[in-house]
2 protein chains.
Amino acid sequence: MPPKDVSTLSRAAIKLFLNSFDTVLCDCDGVVWNLLNPIVGVKETLQTLRECGKKVHFVTNNSALGTKGIHDSLLEYDRQLQPTDVITPAQTIIKYLKEFNFNKEIYILGTSSMKEDFQDAGFKLAKTKQQQTADSMEVLQEFLVDDESVGAVVCDYDIHLSNLKMIRCAVFLRRPDVLFILGATDKKLFVGNKLALPGPHFYQAALAEVTGRTPMAFGKPSPNLHNYITRALNIKDPSRVLFVGDSIASDIRFGSACGFQTLLVFSGLAKLSDLKKIKNEQDTPNYYLDSFGDLCEIIKSRLEM
Amino acid sequence: MPPKDVSTLSRAAIKLFLNSFDTVLCDCDGVVWNLLNPIVGVKETLQTLRECGKKVHFVTNNSALGTKGIHDSLLEYDRQLQPTDVITPAQTIIKYLKEFNFNKEIYILGTSSMKEDFQDAGFKLAKTKQQQTADSMEVLQEFLVDDESVGAVVCDYDIHLSNLKMIRCAVFLRRPDVLFILGATDKKLFVGNKLALPGPHFYQAALAEVTGRTPMAFGKPSPNLHNYITRALNIKDPSRVLFVGDSIASDIRFGSACGFQTLLVFSGLAKLSDLKKIKNEQDTPNYYLDSFGDLCEIIKSRLEM
């Protein structure tokens, strides 16, 4: 089925659309905000969806703010938001580790906010060795010593990633019982429209290659996140969930794999012209719209609210 | 042609072998030494080759010691070595840049020894911004500012690679006139037999991907190094050069591409069993031998020297 432009739907079609889902899952970056600049109308859209009786949750791979930071930022858009309405890779990983009482230390490549998420959940983090600047073999030797108290390596985006940190990971991951866990797995991180920076994929892939290990991913579009969402939100009928995102590879592919309906918006990564380039059904959204912020006016005008 | 085991060659065949080349090009790591531990007999082999009238040069991707450091270390194996007998990516890149009087600043991901090679050659290096540890957007902003005095990015192995350094590279490489140059391009760096660490390939590939730029490589097995060697050593007939290396992907592939004869040794990366896994002619050495250090005794015993 070709995707439908929500802005051109008739009054009857909008009614059908609204009646076809109970739960809305929203990506944050590129849908709610861009680099924390609000996207116009999103606040009103979220409010209107709540008024229509929809449950609204947020699913983001962004770990820059931590789960609590994301929640605090989203409160400005959605006053009814509960802490459990925000789903991040950190949360999903924590839930996974708690299920089998994981009690070893965790070595994290990630933001300080992400590290706080794990500490707040009661986990002990492995200390990062003091960054060195000398080129000597002695420095390297010190980083090659294993530490048996470490039982998991978690890789998300680390703005302070260093080669020496990667060497620590490679040393830990030689033990097959050390868990190798990924959060966000982006290849590129965009700053504005033009500048792409290397995302966490590049060092995650390098670690997988040199260690011969296959990591478990917990961010979009991984099946682990699917399981978590289904259980945490008690989703019985996935077709009655609408997933809203700005990335085809991450959001739409994930939504389709979960059996959700999908809405692609063009306020972030994807452009309207990208729709023509899609080659498989899994990447084809059910609906598209310039901006999630436009949905409020469309609903109100069609339903004369 | 299947590769020949040099240790089983007859007296006549060894004579033919020795008469078939005038120049020997040797890799260093895994051929002359392993982690700077001498490989037994190599010193004697080099001396014997000199006595047989062969020219001997060393071609290494290793930039840990710098061109001068490599030369100093090799002097213990080969007393007749001249500084120009050592060929490194730094040297090849410097020669390339000098040919068109490159005079902008160079941003280097590499060892301090490599940086010294460039400074000694009269180039100005771009300053590395002070590494920051805060997670704030302000830190990132500062690293996103371009610096028009930088005209080239050189990526080799940098034990102190950081994400913020990569961001600097991505910012510079947005300008299409900024040269994007690679030295060594290893995927894995081995510490002993068991531990593989991420090599420079992972951040070189990430930078190529996010910038959309195609880098020029100057280490083995790149054609730029081929051109450099041909001109610097005034090689008229490549078939009269013997390339000795321990890596199939780097040394043998490079040697074959240059039209050299090739000798694979098993004192470093490659094992005898790897010979059976080779799928194409380019990767098949002409000769193989357990260790380059064994060649001395083979020559002496066959030729009754």
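Calculation notes
- Residues numbered from 1 in each chain as written.
- Chains lettered and ligands numbered in written order.
- Predicted model: local features only at pLDDT ≥ 70, side-chain atom pairs only at ≥ 80, totals over all residues.
- Heavy atoms only, no water.
- UniProt positions renumbered as here; feature names shortened; annotations may be inferred.
- Helix = DSSP H or I, 4+ residues; strand = E, 2+ residues; numbered from the N terminus.
- Buried < 20%, exposed > 50% of the residue type's maximum accessible area, 1.4 Å probe, protein only.
- Contact = heavy atoms within 4.5 Å.
- Polar contact = N/O pair within 3.5 Å; in protein donor to acceptor, adjacent residues only side chain to side chain.
- Pairing = 2+ DSSP bridges.
- Lys, Arg positive; Asp, Glu negative; His and termini not counted.
- Salt bridge = Lys/Arg side-chain N within 4 Å of Asp/Glu carboxyl O.
- Phe/Tyr/Trp six-rings, centres within 6.5 Å; stacked < 30°, edge-to-face > 60°.
- Lys NZ or Arg CZ within 6 Å of the ring centre and 35° of its normal.

As annotated in an unreviewed UniProt entry, chain A carries the name 4-nitrophenylphosphatase and is attributed to Photinus pyralis. The UniProt entry for chain A carries the following text under Sequence similarities (unreviewed entry): "Belongs to the HAD-like hydrolase superfamily."

**Q** Can you walk me through the UniProt feature "binding site: substrate" (unreviewed entry) in chain A in this structure?
**A** Residues and elements named next belong to chain A. If you check UniProt for "binding site: substrate" (unreviewed entry), the listed places come out as Lys 220 in our numbering. Within the secondary structure, Lys 220 sits in the loop between strand S12 (216–217) and helix H9 (223–232). The class of Lys 220 is buried, set by a relative accessible area of 3%. Aside from chain neighbours lying at most four places away, what touches Lys 220 is Asp 27, Val 59, Thr 60, Asn 61, Thr 185, Leu 225, Phe 243, Ser 250, Asp 251 and Phe 254. Reaching out from Lys 220, the side chain makes a polar contact with the backbone oxygen of Val 59 at a distance of 3.2 Å.

**Q** Would you take a moment to explain the sheet that holds strand S13 (residues 241–245) of chain B for this structure?
**A** Strands belonging to one sheet form pairs held by backbone hydrogen bonds; the direction of such a pair is parallel or antiparallel. Residues and elements named next belong to chain B. Across the sheet, which stays open at both edges, the seven strands sit in the order S1-S15-S14-S13-S2-S5-S6 with parallel pairing between neighbours. Strands with a single pairing partner mark the edges of an open sheet, and in this sheet they are strand S1 (4–5) and strand S6 (86–87). Here strand S14 (residues 261–265) pairs with strand S15 (residues 287–289) via three bridges, running parallel. Paired with Leu 263 across the strands is Tyr 287, a residue of S15.

**Q** Can you walk me through the side chain of Asp 246 of chain B in this structure?
**A** Residues and elements named next belong to chain B. Mapped onto the elements of the fold, Asp 246 is located in the loop between S13 and helix H10 (248–257). We note that Asp 246 is buried and unpaired, the nearest opposite charge coming from Lys 220 at a distance of 6.2 Å. Looking at Asp 246, its side chain comes within polar contact range of the main-chain nitrogen of Leu 269, at 2.9 Å. With near-sequence residues (within four places) excluded, Asp 246 lies in contact with Asp 27, Asp 29, Gly 30, Val 31, Asp 251, Leu 264, Val 265, Gly 268, Leu 269 and Ala 270.

**Q** How should I be thinking about the packing of aromatic side chains in this particular structure?
**A** Scanning the model with the defined rule gives 27 aromatic pairs over all chains in all. Ring plane angle 15° and centroid distance 5.7 Å describe the contact between Phe 202 of chain A and Phe 202 of chain B, whose orientation is recorded as stacked. Note that Phe 202 of chain A is positioned in helix H8 (residues 201–211) and Phe 202 of chain B in helix H8 (residues 201–211), a pairing that runs across two chains. In this pair, the class of Phe 202 of chain A matches that of Phe 202 of chain B, namely buried. Between Phe 118 of chain B and Phe 123 of chain B, the aromatic rings sit 6.2 Å apart at their centres with planes inclined by 55°, giving tilted as the arrangement. Phe 123 of chain B carries the same exposure label as Phe 118 of chain B, and that label is buried. Among the aromatic side chains, those forming a connected cluster through ring pairs are Tyr 96, Phe 100, Phe 102, Phe 118, Phe 123 and Phe 218 of chain A. The residue whose ring lies beneath Lys 54 of chain B is Phe 21 of chain B, and the NZ or CZ to ring-centre distance is 4.9 Å. Note that Lys 98 of chain B overlies the ring of Phe 123 of chain B, its terminal NZ or CZ placed 5.6 Å from the centroid.

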